[in-house]
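Breakdown of the fold
One letter stands for each residue in the lines below.
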Amino acid sequence: MDGDAAVAFFRDQITASKVVQKGLFARWTAHPEEAPTTRPDLAEIRRRLDRLTTELLDSLKSTEHIRKKAVACATQLTLATASGAKRGTPGRPPPPGPRNRNRLGV
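Values in this document were obtained by computation on a predicted structure and should not be read as measured data.

1. Focus on the pattern of salt bridges
- Evaluated as defined, the whole model comprises 3 salt bridges.
- The closest approach of N and O atoms between Glu-34 and Arg-27, which form a salt bridge, is 2.6 Å.
- The class for Glu-34 is partly exposed, based on a relative accessible area of 37%.
- With its nearest N and O atoms 3.0 Å apart, the salt bridge here joins Arg-47 to Glu-44. Here Arg-47 pairs with Glu-44, and both are found in helix H2 (residues 42–62), just 3 residues apart, close to one helical turn.
- With relative accessibility at 29%, the residue Glu-44 sits in the partly exposed group.

2. Concerning the packing of helix H1 (residues 3–30) against H2
- Following both chains from N to C, one finds H1 and H2 inclined at 130°, their axes separated by 11 Å at the closest point. Our classification of the angle between H1 and H2 gives oblique. Every pair of crossing elements has a handedness; the one defined by H1 and H2 is right-handed. Residues Ala-6, Phe-9 and Phe-10 of H1 form the contact with H2, whose own contacting residues are Thr-53, Leu-56, Leu-57 and Leu-60.
- Looking at side-chain class alone, the contact of H1 with H2 contains 6 nonpolar, 1 polar and no charged residues.

3. A few points about the packing of aromatic side chains
- Inspection of every chain in the model, using the stated rule, returns 2 aromatic pairs.
- Taking the centre distance of 5.2 Å and the plane angle of 90° together, the rings of Phe-9 and Phe-10 count as edge-to-face.
- Relative accessible area serves as the criterion here: at 21%, Phe-10 is assigned to the partly exposed category.
- Arranged with centres 5.5 Å apart and planes meeting at 85°, the rings of Phe-25 and Trp-28 form a pair that is edge-to-face. Separated by 3 residues within a single helix, Phe-25 and Trp-28 lie in helix H1, roughly one turn from each other.

Rules of the game
- Numbers given to residues run from 1 along each chain, matching the order in which its sequence is written.
- This being a predicted model, a pLDDT of at least 70 is required before a residue's local features are given, and a value of 80 or more before pairs of side-chain atoms are given or counted; all residues contribute to the totals for chains, interfaces and linings.
- By convention in this description, side-chain values take in all heavy atoms of the structure and omit both hydrogens and water.
- Between Lys or Arg on one side and Asp or Glu on the other, a salt bridge is scored when a side-chain nitrogen of the former is within 4 Å of a carboxyl oxygen of the latter.
- Only protein chains enter the area calculation, which uses a 1.4 Å probe; residues under 20% of their type maximum are buried, those over 50% are exposed, and those in between are partly exposed.
- A run of H or I in DSSP counts as a helix once it spans at least four residues, and a run of E counts as a strand once it spans at least two, with each numbered from the N terminus.
- Only the stretch in contact is used when fitting a helix axis, every axis being a line fitted to C-alpha atoms; angles between N-to-C directions are given from 0 to 180 degrees.
- Each angle receives one of four descriptions, namely roughly parallel if under 35 degrees, roughly antiparallel if over 145, roughly perpendicular if within 65 to 115, and oblique otherwise.
- Handedness of a helix crossing follows the sense of rotation of the near helix relative to the far helix, less than a right angle counterclockwise being left-handed and clockwise being right-handed.
- Contact criterion: two residues are considered in contact whenever any of their non-hydrogen atoms come within 4.5 Å of each other.
- Residues are grouped as follows: Ala, Val, Leu, Ile, Met, Phe, Trp, Tyr, Cys and Pro are nonpolar; Asp, Glu, Lys and Arg are charged; every other residue, Gly included, is polar.
- Here the aromatic set is Phe, Tyr and Trp, taking the six-membered ring for Trp, and pairing holds for ring centres within 6.5 Å; pairs whose planes are under 30 degrees apart are stacked, those over 60 apart are edge-to-face, and all others are tilted.

So far we have only geometry, and geometry alone does not tell us how the molecule works.
Written out as C-alpha cells, the structure is:
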C-alpha cells in the first residue's frame, strides 16, 4: 500500500476528529445538560481504535486500485465543485489542493 496515501488518509481523519471534538465542546458549553457525566474507559477506546485502524488500512489496501483511477477522482472533483464545494464557499469543504491532486491522480 502507498505509505503517503495512508499518511494523508489518517492525517485527514485526525483533522476531522478535531473538528468533531471542537463541535462537541461548543455544544456542551451551550447545553451543559448534554455533556457526558462520566469519563470513557480509555483502554477500551484504544482497543476499538486499534481494530478500526486495522480495518481502515485493510479497506485502503483493497480499494487502492479503484482510488488510483484518475477518472473517478476527476469525476468526484467535478461533482464537488459543481455542488459548491470550492475554496472560499462558507460552510463547504474545499476540493483537494494541488498537493493532494497528484496523489489522487487528478
